[in-house]
Amino acid sequence: MMVRPGIGPQPRDERVTLKHGAGGRAMRMLIEETLAAGFLDGSTDEIGLAALDDGAALLIGDRWLVVTTDSHVIHPIFFPGGDIGRLAIAGTVNDLAVMGATEVLGLTSAMVIEEGFLHSDLERIQHSMQEACREAGAKIVTGDTKVMGRGELDGIIINTTGVALADAVVSDAGLSSGDRILLTGPIGDHGIALMAARRGLGLEGDLRSDVAPLNGLIRRALDTAKGAITAMKDPTRGGLASALTEMAEKSQVGIVIEDAAVPVTPVVRSAAEILGLDPFHIANEGVAVIGVRPDAADAVLAAVRAHSLGQSCAIIGTCTDEHPKRLILDTGIGRRLVTEPEGEPLPRIC
Ligand code: MG
């Protein structure tokens, strides 16, 4: 029998490759097939690894303990708009926040450092972490330090874990037909700034990562919405396309996005063109996708726009019963299916 390539079940890769860490379908397959075995499954109301949400949510009495963890391997460690320290705090604070947990109880910081790493760079990173903690109203409560030999890793890896309590948890799976999709800021800034810095494009002055803790902005949205926010997610690796595809699949709705409504800055748009990258597939570290019931959408939009990190917030689309589990882009001329990238096109983006 002839087997046409790309048709039918794909053979499993024998070895892990960079795409398995890239936040797209390949990474989810690795987690589902290999890594999730024995972890908290989907048999209770609690949210565990099987949900592949931004974090876990455990019932403690009548409140939720939200837990999330992330290892940061970004290259370069200092980039326009931030560094690995700011990223390590913001990334974890944001994963808690998009679960509805905006008041951080504590963060951990575990560093693996390469022999020969500069003390002054470590101080710079530590200062960034403190500054980001101050912005987020969070504190690091414990940590760990390991050093590996020269050449055994590339510079530094920082793992941060965060815990927070929430009265109500917001998953990434609660969308219903009619819900509006809000995007709190322009897409592509983080990944494109990183890529331009790596390639020496000379656009570094104009391109800056958006990396920032969003818990204050999210709290404002939640307070305004009074229960009308149905789903949230931060579109990090794999970009907006991955985040929305996941939300559509888990919520079993279609999502129609109006291309013209999605904020992209002119400098990101032109740099993406030069680099041959689609801003929809590019990682972000300072924006969130918020699903909200239609009657509350305008109020949430206004509340987010009034926040300094949400001035470009826009309603970019609507959930529909048609095309369940699909992401559709309305270009103004026609509609087309948006496919999730296999993985983030840029390795070591966060
Ligand atoms: Mg996330």
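1. Quick look at the overall build of the protein chain
Summing up its helical and strand segments, the protein chain has eight helices and 14 strands in all. Compactness check: the protein chain gives a C-alpha radius of gyration of 20 Å against a globular reference of 20 Å for 350 residues, within 12% of the reference. By principal-axis analysis of the C-alpha atoms, the protein chain measures approximately 55 × 55 × 45 Å. Looking at the protein chain residue by residue over its 350 residues, the buried ones come to 52%. For the protein chain, the share of sequence-separated contacts (at least 6 apart) that also reach a separation of at least 24 residues comes to 82%. Accessible surface for the protein chain amounts to roughly 16100 Å². Of this, 53% is attributable to carbon and sulfur atoms. Here the protein chain contributes 31 positive and 47 negative side-chain charges, whose respective centroids are spaced 2 Å apart.

2. Regarding the layout of surface pockets
Estimates place the volume of the largest pocket at around 1100 Å³. Along its surface, the largest pocket is lined by 38 residues, and Met 27, Ile 31, Asp 53, Thr 69 and Arg 237 are the ones closest to its centre. Only helix H1 (25-35), strand E1 (56-60), strand E2 (63-72), helix H2 (84-97) and helix H6 (239-251) provide two or more residues apiece to the lining of the largest pocket. No other element matches E2, which puts six residues into the lining of the largest pocket. Split by residue class, the lining of the largest pocket holds 15 nonpolar, 13 polar and 10 charged. Two domains each put at least three residues into the lining of the largest pocket: domain 1 (2-166) and domain 2 (180-338).

3. Here's the deal with the domain arrangement of the protein chain
Taken domain by domain, the protein chain holds domain 1 (2-166) and domain 2 (180-338). Between the C-alpha centres of domain 1 and domain 2 the distance comes to 20 Å. Taken together, the 34 residues of domain 1 in the interface contact 29 residues of domain 2. Here domain 1 and domain 2 share an interface that buries about 2500 Å² over both sides, 53% of which is from carbon and sulfur atoms. At the boundary of domain 1 and domain 2, one finds four salt bridges. Across the salt bridge formed by Arg 28 and Glu 246, the nearest N and O atoms sit 3.6 Å from each other.

4. Observations regarding the sheet that holds strand E7 (residues 156-166)
As summarised here, the arrangement of the five strands in space is E1-E2-E7-E5-E6, forming an open sheet in which the pairing is mixed. Each edge of the open sheet carries a strand with a single partner, namely E1 and strand E6 (140-148). For this sheet the average axis-to-axis angle between neighbouring strands, irrespective of direction, equals 15 degrees. Looking at chain direction, strand E5 (residues 104-114) and E7 are connected through nine bridges and run antiparallel. Looking at E7, one finds that Met 111 is bridged to Ile 158. Across the sheet, helix H3 (residues 119-136) touches E5, E6 and E7, and the angle it forms with E5 is around 165 degrees.

5. So, the side chain of His 307
With respect to the helices, strands and loops of the structure, His 307 is situated in the loop between helix H8 (297-305) and strand E12 (314-320). Here the side chain of His 307 touches Leu 309 through a polar contact of 3.1 Å, landing on its backbone nitrogen. Each residue touching His 307, except ones within four places of it in the same chain, is listed here: Gly 216, Leu 217 and Arg 220.

6. Let's talk about the coordination of the magnesium ion
Protein-derived coordination of the magnesium ion comes from Asp 54 (OD), Asp 95 (OD) and Asp 234 (OD), at a distance range of 2.1 Å. Counting the intervening residues between successive donors of the magnesium ion yields the motif D-x40-D-x138-D. One end of the pair, Asp 95, is in helix H2; the other, Asp 234, is in the loop between strand E9 (229-233) and H6, with 139 residues separating them in the sequence. Using a relative accessible area of 6% as the deciding quantity, one classes Asp 234 as buried.

7. Points about the packing of helix H5 (residues 215-225) against H8
Where H5 contacts H8, the two axes come as close as 9 Å, and the packing angle between them is 150 degrees. The pairing of H5 with H8 is recorded here as roughly antiparallel in orientation. Judged by the twist between their axes, the crossing of H5 over H8 is right-handed. Each of Leu 217, Arg 220, Ala 221, Thr 224 and Ala 225 in H5 lies in contact with H8, whose residues at this interface are Ala 299, Val 300, Ala 303 and Val 304.

Definitions and cut-offs
Residues numbered from 1 in each chain as written. Predicted model: local features only at pLDDT ≥ 70, side-chain atom pairs only at ≥ 80, totals over all residues. Heavy atoms only, no water. Helix = DSSP H or I, 4+ residues; strand = E, 2+ residues; numbered from the N terminus. Rg over C-alpha atoms; globule rule 2.2 N^0.38 Å. Buried < 20%, exposed > 50% of the residue type's maximum accessible area, 1.4 Å probe, protein only. Contact = heavy atoms within 4.5 Å. Areas by Shrake-Rupley, 256 points an atom, 1.4 Å probe, with all protein chains shown as cover. Lys, Arg positive; Asp, Glu negative; His and termini not counted. Charge placed at Lys NZ, Arg CZ, Asp CG, Glu CD. 1 Å grid on protein atoms, 1.4 Å probe; cavity = no way out; pocket = protein on both sides within 12 Å on 5 of 7 lines; lining within 4 Å. Points joined across faces, edges and corners; volume = space filled by probe spheres on them. Nonpolar A, V, L, I, M, F, W, Y, C, P; charged D, E, K, R; others polar. Domains from an automatic or database assignment. Buried area = accessible area lost by both parts, 1.4 Å probe. Salt bridge = Lys/Arg side-chain N within 4 Å of Asp/Glu carboxyl O. Pairing = 2+ DSSP bridges. Axes fitted to C-alpha atoms, helices over the stretch in contact; angles between N-to-C directions. Polar contact = N/O pair within 3.5 Å; in protein donor to acceptor, adjacent residues only side chain to side chain. Donors = N, O, S within 2.8 Å, 3.2 Å for Na, K, Ca; no water. Parallel < 35°, antiparallel > 145°, perpendicular 65-115°, else oblique. Left-handed = near helix turned anticlockwise from the far one by under 90°.

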